[in-house]
Structures are given as structure tokens and as C-alpha cells.
Protein chains: 2
Amino acid sequence: MKLNVYATPDNLADKELRDKVVVVIDVLRATSTILTALFNGCKEVIPAIEIEEVINMSKNYEKDSFLLCGERNIHAIDGFHLSNSPLEYTAERVSDKTLLLTTTNGTRAIRRAIDAREVIMCSMTNVDVVAEHIAQQQDDTVFICAGTDGQFSMDDVVTAGAVINRLKAMMDDLDMGDLAVVSEAMYRSCNGDFHSLLKDSVHYKRMMAAGLKEDIDYCLTLNTAPVVGVYKDGVIKKLDKSEN
Amino acid sequence: MKLNVYATPDNLADKELRDKVVVVIDVLRATSTILTALFNGCKEVIPAIEIEEVINMSKNYEKDSFLLCGERNIHAIDGFHLSNSPLEYTAERVSDKTLLLTTTNGTRAIRRAIDAREVIMCSMTNVDVVAEHIAQQQDDTVFICAGTDGQFSMDDVVTAGAVINRLKAMMDDLDMGDLAVVSEAMYRSCNGDFHSLLKDSVHYKRMMAAGLKEDIDYCLTLNTAPVVGVYKDGVIKKLDKSEN
């Protein structure tokens, strides 16, 4: 089984995705937020690239059935119900709602994966269930990291490494690309201390400077939202286990 | 001083290169070969993307003043004088010659760098002099790794890490992108045993399978061709120290 990791969604040939399981990672914070919302009982999450797209989509929904969610360059969007902080996505707020979400890097990565056989969401909050799901599928798997401003972002790559570390313990026949090997070594090297590993990284520093330490602490904690989120026909839902 | 590392030459915005020092790395084997040729006294190296381009260029040169050099997918090119093995680029063969060179990944990376303020060649064979040169320039520096078939290639990234490791010892004010941080950590992690680090990497395995272990051994030895090679106006020459 082939495993490849891409540091950004840019410059990915369609053939790299076709017939593959694609695992989208934006650990700080889009996929952490999406998975937390699914875990806390939201109906679905619809990712959009532009703010206008979110507002237009919202016209198709009953009042009180949806929430406008997301951020631009870390900050909340005027007039939106929720920012991109996973801590806001409590059961009380999101239960049974449709979340219309736009984020700077994450939703671009999700939409890029549209040609894949299956697209699932990943962050530190669900690494164990993602690894189990991939091991069950036994299909070639591609990790697409959202990156930061089109650049390699350590936070996302080490999250791929966390999943690959678990896959290595479960399977013998992994054929890994170079960045898959590097990401797993990076994960092992830090012995679970993600803060030390990431303290010099661009996105981590930017979020710390914006006062988002609590979000970082949450997003770098393993398996707090242990659900598989599947993106299909433009909508992200919690995997119905009877379909698996 | 900003340091960024790019895993491939693709998807690099022109603004990332303008006014920067660009360091091109294709350690297995194009930049190792170019630097070895410059160290052994060739007049200049002219990188070309296509085989036809090399053959057309050669018509402008006197017989015996040039050599046709390069590879396609690791293998020598029919009718060319030299392959892409640095071990063939002895003083006896290359002294005072113009080398017309085409390689699968390396020459693409070199030509991509054309918008930079200065473009220099790097491999394990010249890491010390490259670090000294960058430290003297004091300009923002971008490492462009050639990659393998458009993918992240560990051999190139760890070579960037070797240079950055030396820069960190020389300078205090480095502002590093995430892949710069990762590459330097990767370099430190292997304690100089590049073979152990790279044994599971795609390009290394492909070259071993092609019987090129001697080339790999040479290319992964530090500072055997300690020259700065500068690409300017389409031609790579050894840096004239009086210009520096």
C-alpha cells in the first residue's frame, strides 16, 4: 500500500488523487474544528472557499438550521456566528446544525481533493480512528496538508506523521514516499511534545502572537474528537459505520 | 536574514526569488557533477532542459572545446561524451572544456531560478563554502531542491539542512521557514550517517537499484569539491573571488 504526503494542495496532479483515499490535514485549525463539530453532533459541515459563497449558500437554509463559520487570516469574520476556534464548537451550539465554513487554507485543501475515491478529515484530534480507517480500506493513501500561505507547515506534516506512525505498527507492506518517511520521523523525534517541536514554526508562532494558545493546546491533544469525517458531494459528515 | 527551503522548483512564485540568493540543490547528482567539474577545471557548464537543446548549442562550439553531458532517468544519453556520474568528470577529461549538460530534475531547477539576484550551486561536496558565501552576502536566501519527479526528495532537503546547520553556527539573526527548520533537524538527527537516513528514500533506492552505489558514496561525502558555482546569463562558472 502506497503512502504519500504532500506539504500543500498546490501542484498536485489529478492522477495522484484518483482512486486514492485522501486524508486532508489542517490541524491549526480547520480540520480540528470540523472534527470537533462532527463529534459534538452537528448535522454536516459545508466547506466553501469564499466568504460570499458562504453567504449565498446560507439563503437555501431555514433560519436557525445553519451557522456561518470561519476565519480570514486567523481572525473571525464580521457577522459570522462562529470563528475557526474549535473551542466554540460545543454540542450546545452546533447540535443538528449545518455549518457553512470558510477558512484561509483548510477549505482550499478539502476542495482540491474532490477527484479522490474517498476524502477524509484528519487532525491530532482523530489520529487513531483515521489510522484504523486507512488500515481497513487497504487502498493507496495520500495525505494533503493544507500548509500555510502555500508553504510547507510543520504542524500539518507532523500530524500526517502521527497517523503513519500508527499505520506502521499495524501494517507491513507500506511503500512510503520521502515526505511520509520524514513526517513519521518528525513525529517520533518529539516524543509527543508537539509544542517543543513546533515552537519555531511559522503558523504556531503566528497563532501564539494572536493569543490563541488555548486553541493550540486543544488542537495538539490526541484523539479528543475520535470520529471519521467524510467529504462527499460537497458535504462533510460523520462516517456512518454501516457504510464502511 | 530569511531562509526558506522549497522541496521542488514547482509552484514557486517569482516574488519568492527576486532579490534573493538562490541555492540550487540536486545532490544525486546534477549539482554534485557540476561542482566536481568546476573544481576539476572545466571552463563552464551550460545547463539545458532538452537533449535537442544541447545538440543545437553544441554547433556553436569548436570541436574538442565542448562535451555533451547528462542523463535521462538516471541513464547515459546515446552519443553523449559523459553521463551524469560525477566520477567521470576528472580533470583529465573536463579541463578547460565547456560542458553542455542536461539532466532530468537538476537543470529544470537551475533554470527556474533565473529571476534571482544570484544563483549558486550546492551539494554535499561544497556545503562549507556555500555557507560561508551566504554568510558573507547577508541577503535573504532561498534553497530550491530539485526533487525527484516533482516530489519532495530527502537527499536534497538534508543537503539544505547541512548548509543551514553551518549558518546557524555562524549567525544569530536567522528567520527560518518551516522546511528550513525541518531540514536542519533532519541533518542533525543523522549525525553524518547520510546512508542510514536516506536508505528508505525513493531516489536513493532507485540509484542503488541501478548499480550507482559509488556515485552515491561520492555525492554524500562532504566538501570534496569546495567551490562556489554561480549561474549567470545561462552559464555556470566558478566564482571569481575578486568579484565577491
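Overview of the structure.

Rules of the game
Numbering of residues starts from 1 in every chain and runs along the sequence as written. Whichever chain is written first is A, and whichever ligand is written first is 1; the rest continue in order. Per-residue local features are limited, in this predicted model, to residues with pLDDT of at least 70; the limit for side-chain atom pairs, both in listing and counting, is 80 or more; totals at the level of whole chains, interfaces and linings are taken over all residues. Comment: elements are numbered from the N terminus, with helices defined as DSSP H or I runs of at least four residues and strands as E runs of at least two. Comment: burial labels come from other C-beta atoms within 10 Å of the residue's own C-beta, placed from the backbone, where a count of 20 or more is buried, 12 or fewer is exposed, and between is partly exposed. Two residues qualify as being in contact provided that their C-beta atoms, derived from the backbone, are within 7 Å of each other. Residues are grouped as follows: Ala, Val, Leu, Ile, Met, Phe, Trp, Tyr, Cys and Pro are nonpolar; Asp, Glu, Lys and Arg are charged; every other residue, Gly included, is polar. To count as a nonpolar core, a set of buried Ala, Val, Leu, Ile, Met, Phe, Trp, Tyr and Cys residues must be joined through C-beta atoms within 7 Å. In short, DSSP must find at least two bridges between two strands for them to pair. Fitting of the copies onto one another was done by least squares over C-alpha atoms, counting residues only where both copies have pLDDT of at least 70. What a helix should span is 1.5 Å times the count of its residues minus one. Comment: axis = line fitted to C-alpha atoms, over the contacting stretch for helices; angle = value between 0 and 180 degrees taken between N-to-C directions. Under this scheme an angle from 65 to 115 degrees is roughly perpendicular, one under 35 degrees roughly parallel, and one over 145 degrees roughly antiparallel; angles in between are oblique.

## Considerations on the overall build of chain A
Then comes step 1: Scanning chain A for helices and strands turns up 10 helices and 11 strands.
Then comes step 2: If one aligns the C-alpha atoms of chain A with their principal axes, the spans along those axes are about 50 × 40 × 30 Å.
Then comes step 3: With 244 residues in all, chain A has 55% of them scored as buried.
Then comes step 4: The long-range share in chain A, meaning contacts at least 24 apart out of those at least 6 apart in sequence, stands at 81%.

## Describing the interface of chain A and chain B
Then comes step 1: Taken together, the 17 residues of chain A in the interface contact 17 residues of chain B.
Then comes step 2: Sorting elements by how many residues they give to the side of chain A that touches chain B places helix α7 (residues 178-189) of chain A first, with 6 residues.
Then comes step 3: Each residue belonging to the side of chain A that touches chain B can be placed in one class, and the counts come to 8 nonpolar, 6 polar and 3 charged.

## A short note on the nonpolar core
Then comes step 1: Ranked by internal contacts, the top residues of the largest apolar core, which has 172 residues, are Val24(A) and Val24(B).
Then comes step 2: The residues contacting Val24(B), other than those within four sequence positions of it, are Thr31(B), Ala109(B), Ile110(B), Ala113(B), Val119(B), Met121(B), Cys122(B) and Ile144(B).

## Some points on the pairing of strand β4 (residues 66-72) of chain A
Residues and elements named next belong to chain A.
Then comes step 1: Counting buried residues in β4 gives 5 out of 7 residues, a clear majority hidden from the surface.
Then comes step 2: Examined bridge by bridge, β4 and strand β6 (residues 98-102) share 5 bridges and lie parallel to one another. Paired with Phe-66 across the strands is Thr-98, a residue of β6.
Then comes step 3: Both β4 and strand β5 (residues 75-76) contribute to a ladder of 2 bridges, which runs antiparallel. Each residue of the ladder has a partner; that of Arg-72, found in β5, is His-75.
Then comes step 4: Counting the residues that bridge the hairpin from β4 to β5 gives 2 residues, and of these Asn-73 lies at a positive phi of roughly 50°.

## Some remarks on the relation of the copies chain A and chain B
Then comes step 1: Its rotation angle being 180°, the transformation that places chain A on chain B also includes 0.0 Å of axial translation and leaves an RMSD of 0.0 Å. Put plainly, the chains are arranged around a two-fold axis. Nearest to the rotation axis, the C-alpha of Asn11(A) is located 3.2 Å from it, this being the minimum over chain A.
Then comes step 2: Both copies share a contact surface, since 100% of the interface residues of chain A are interface residues in chain B too.

## Quick word on the pairing of strand β1 (residues 2-6) of chain A
Residue and element names in this part refer to chain A.
Then comes step 1: The element β1 is largely enclosed, with a buried count of 4 among its 5 residues.
Then comes step 2: Of the strand pairs in this sheet, β1 and strand β8 (residues 141-145) are connected by 4 bridges, and their pairing is parallel. Considered in β8, the bridge of Tyr-6 is made with Ile-144.

## Focus: the environment of Thr36(B)
Residues and elements named next belong to chain B.
Then comes step 1: Residue position: Thr-36 is located in helix α1 (residues 30-39).
Then comes step 2: Between the alpha carbons of Thr-36 and Val-227 there is a distance of 8.6 Å; along the sequence they are 191 residues apart.
Then comes step 3: Not counting residues up to four positions away in its chain, the partners in contact with Thr-36 are Pro-86, Tyr-89, Thr-125 and Ala-225.

## Regarding α7(A)
Then comes step 1: Between its first and last C-alpha atoms α7(A) spans 16 Å; for 12 residues at 1.5 Å apiece the expected length is 16 Å, and the two agree.
Then comes step 2: Burial in α7(A) covers these residues: Asp178(A), Leu179(A), Ala180(A), Val181(A), Val182(A), Ser183(A), Glu184(A), Ala185(A), Met186(A) and Tyr187(A).
Then comes step 3: Here the buried face of α7(A) lies against β1, α6 (154-170) and β9 (175-176) of chain A together with α6 (154-170), α7 (178-189) and α9 (202-209) of chain B.

## Considerations on the environment of Ile114(A)
Then comes step 1: Relative to the elements of secondary structure, Ile114(A) occurs in the loop between α4 (106-112) and β7 (118-122).
Then comes step 2: Given 14 C-beta atoms within 10 Å, Ile114(A) falls into the partly exposed group.

## Details of the packing of α6(B) against α7(B)
Residues and elements named next belong to chain B.
Then comes step 1: Remark: α6 packs on α7, axes separated minimally by 7 Å, with the N-to-C direction vectors making an angle of 90°. The angle between α6 and α7 places the two elements in the roughly perpendicular class. Across from Val-157, Val-158, Ala-160, Gly-161, Ala-162, Ile-164, Asn-165 and Lys-168 in α6, the residues of α7 making contact are Ala-180, Ser-183, Glu-184, Met-186, Tyr-187 and Arg-188.

## Comments concerning the environment of Tyr231(A)
All names here are of chain A.
Then comes step 1: Tracing the sequence through the fold places Tyr-231 in strand β10 (residues 229-232).
Then comes step 2: Classification of Tyr-231 by C-beta neighbours within 10 Å gives buried; the count is 23.
Then comes step 3: For the pair Tyr-231 and Val-129, spaced 102 residues apart in the sequence, the C-alpha separation amounts to 16 Å.

## Comments concerning unusual backbone geometry
Then comes step 1: Residue Leu28(A) is joined to Arg29(A) through a cis peptide bond whose omega torsion reads 15°.
Then comes step 2: Following the sequence through the fold, Arg29(A) ends up in the loop between β2 (21-25) and α1 (30-39).
Then comes step 3: Even without glycine at this site, Asn73(A) takes up a positive phi of about 50°.
Then comes step 4: With respect to the helices and strands, the residue Asn73(A) is situated in the loop between β4 and β5.
Then comes step 5: The residue Asp19(B) is not glycine, and still its phi comes out positive at about 65°.
Then comes step 6: Topologically, Asp19(B) is positioned in the loop between β1 (2-6) and β2 (21-25).

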